[in-house]
Amino acid sequence: HAARQAQSAHVRVAVNTADDLEAGRLYLTVTGTSAEAGDDGQTGRAFVQASDGSFFGFEIDIQTGAALSNPIYNGGSYTGLEWVGDRLYGTVIYYGGGEYPSELRVLEPFTGASQLIGPTGTGAISGLAFDENAGILYGIRGGEGPSDLLTMNLETGAATIVGSTGFQAGSL
């Protein structure tokens, strides 16, 4: 039922909302790297995944960007990270890039341990974002051409296509 509602929903995506052309501030997204980050919003700590193909990340201070840890091995390349309550969800690939299957996992970022939720049914998902009001975890599938916006099932890991964004997205 929820999947049917999501497929008929209109989704508005605001891109680069912090840009202020009059003040001369432009925020750029670097493509070709993972560098996905998850900030829990409460402790001032965040976990940043190293670039694609690197199976480790770092704990950082979100105020200063200073590393708070040595590299933390986590066994995969986490291409999407998002806190939902006290759980850090991550989409992970293990080899080969975007066309190979990904999984949704719950990551304990400060130890590198993770728990499998399930396969996503698609390739790499390059970003995650949680809508607290609707209780929906969204993903974005990158790659060549326009990206697909996805919903992520937090119980099974399955990704469902909501629709095309009409542009190539690097993350959410």
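For every chain, the first residue of the written sequence is number 1, and numbering continues from 1 along that sequence. Reporting in this predicted model follows two pLDDT cut-offs: at least 70 for local features of residues, and 80 or more for side-chain atom pairs to be given and counted; totals over whole chains, interfaces and linings ignore these cut-offs and use all residues. Side-chain descriptors were evaluated using all non-hydrogen atoms of the structure, hydrogens and water having been removed beforehand.

**Some words on the overall build of the protein**
Working step 1: Strands here mean DSSP runs of E at least two residues long; helices mean DSSP runs of H or I at least four residues long; both are numbered from the N terminus. Tallying secondary structure elements over the protein gives one helix and twelve strands in all.
Working step 2: Reading the secondary structure of the protein in the N-to-C direction produces α-β-β-β-β-β-β-β-β-β-β-β-β.
Working step 3: Within the protein, the fraction of its 172 residues that count as buried is 35%.
Working step 4: Two residues qualify as a contact provided that any one of their heavy atoms is within 4.5 Å of a heavy atom in the partner residue. Of the contacts formed within the protein by residues at least 6 apart in sequence, a portion of 37% connects residues at least 24 apart.
Working step 5: In this description, accessible areas are obtained by the Shrake-Rupley approach with a 1.4 Å probe, and a residue is regarded as covered only by the protein chains that are shown. For the protein, the accessible surface area stands at approximately 9900 Å², while carbon and sulfur atoms represent 50% of it. Note on classification: 1.4 Å probe, protein chains only; a residue is buried when its accessible area is under 20% of the maximum for its type, exposed when over 50%, partly exposed between these limits.

**Observations concerning the sheet that holds strand 8 (residues 114-119)**
Picture the strands of a sheet paired through backbone hydrogen bonds; they go either parallel or antiparallel.
Working step 1: When DSSP locates at least two bridges between a pair of strands, those strands are taken to pair. The antiparallel open sheet is built from four strands, whose spatial order is 5-6-7-8. At either end of the open sheet lies a strand with only one pairing partner, and these are strand 5 (77-84) and strand 8. Put simply, the sheet's adjacent strands are angled 25 degrees from each other on average, direction ignored.
Working step 2: As paired strands, strand 7 (residues 103-107) and strand 8 are joined by five bridges and run antiparallel to one another. For helices, the fitted line uses only the C-alpha atoms of the stretch in contact; every axis is such a line through C-alpha atoms, and the angle between N-to-C directions lies from 0 to 180 degrees.

**Description of the environment of T151**
Working step 1: Here T151 lies in strand 11 (residues 148-152).
Working step 2: Here T151 falls in the buried class, since its relative accessible area comes to 14%.
Working step 3: Taking the C-alpha atoms as reference, T151 lies 8.7 Å from I140; in sequence the two are eleven residues apart.

**Notes on the pattern of salt bridges**
Working step 1: Here, a salt bridge means any Lys or Arg side-chain nitrogen found within 4 Å of an Asp or Glu carboxyl oxygen. If you walk through the whole model with that rule in mind, you get two salt bridges.
Working step 2: One salt bridge connects E103 with R105, and the closest N-O pair in it is separated by 2.8 Å.
Working step 3: According to the relative accessible area criterion, R105 is buried, its value standing at 13%.
Working step 4: D148 serves as the salt-bridge partner of R141, at 2.4 Å between the closest nitrogen and oxygen.

**Notes on the sheet that holds strand 11**
Working step 1: Spatial ordering of the open sheet is given by 9-10-11-12, a layout of four strands whose pairing is antiparallel. The open sheet has two edge strands with one neighbour each: strand 9 (127-131) and strand 12 (159-164). Sheet twist, expressed as the mean angle between neighbouring strand axes with direction ignored, is 30 degrees.
Working step 2: Of the pairings in the sheet, the one linking strand 10 (residues 136-141) to strand 11 comprises five bridges and is antiparallel in character. Bridge pairing in strand 11 links Y138 to T151.

**Re the pairing of strand 7**
Working step 1: Counting buried positions over the five residues of strand 7 gives four, a clear majority of the element.
Working step 2: Two strands pair when backbone bridges link them, and strand 6 (residues 87-93) and strand 7 are joined in this way by five bridges, in the antiparallel orientation. Following the sheet pairing, L88 is matched in strand 7 by L107.
Working step 3: In sequence, strand 7 turns back onto strand 8 through a hairpin of six residues, with G112 there showing a positive phi of about 90 degrees.

**With respect to the nonpolar core**
Grouped burial of nonpolar side chains is what soluble globular proteins tend to show.
Working step 1: Nonpolar cores are built from buried Ala, Val, Leu, Ile, Met, Phe, Trp, Tyr and Cys residues. Side-chain atoms within 4.5 Å join them into one set. In terms of nonpolar packing, the biggest core is built from ten residues, these being V84, Y89, L104, V106, I117, I125, L128, L137, L150 and M152.
Working step 2: When contributions to this core are tallied by element, the ones reaching two or more residues are strand 7 and strand 11.
Working step 3: Contacts of V84, omitting those with residues within four sequence positions, involve Y89, F130 and L137.
Working step 4: Ranked by size, the runner-up nonpolar core spans eight residues in total, among them I72, Y78, W83 and V92.

**Here we look at the confidence of the model for the protein**
Working step 1: A score between 0 and 100, pLDDT records how confident the predictor is in each residue. Averaged over all residues, the pLDDT of the protein is 77; the fraction at 70 or higher stands at 70%.
Working step 2: Put simply, helix 1 (residues 2-8) is where the protein has its lowest mean pLDDT, 52, and strand 8 is where it has its highest, 96.
Working step 3: Contacts for the low-pLDDT stretch residues 25-34, under 50 throughout, to residues beyond four places or in other chains number 16 contacts.

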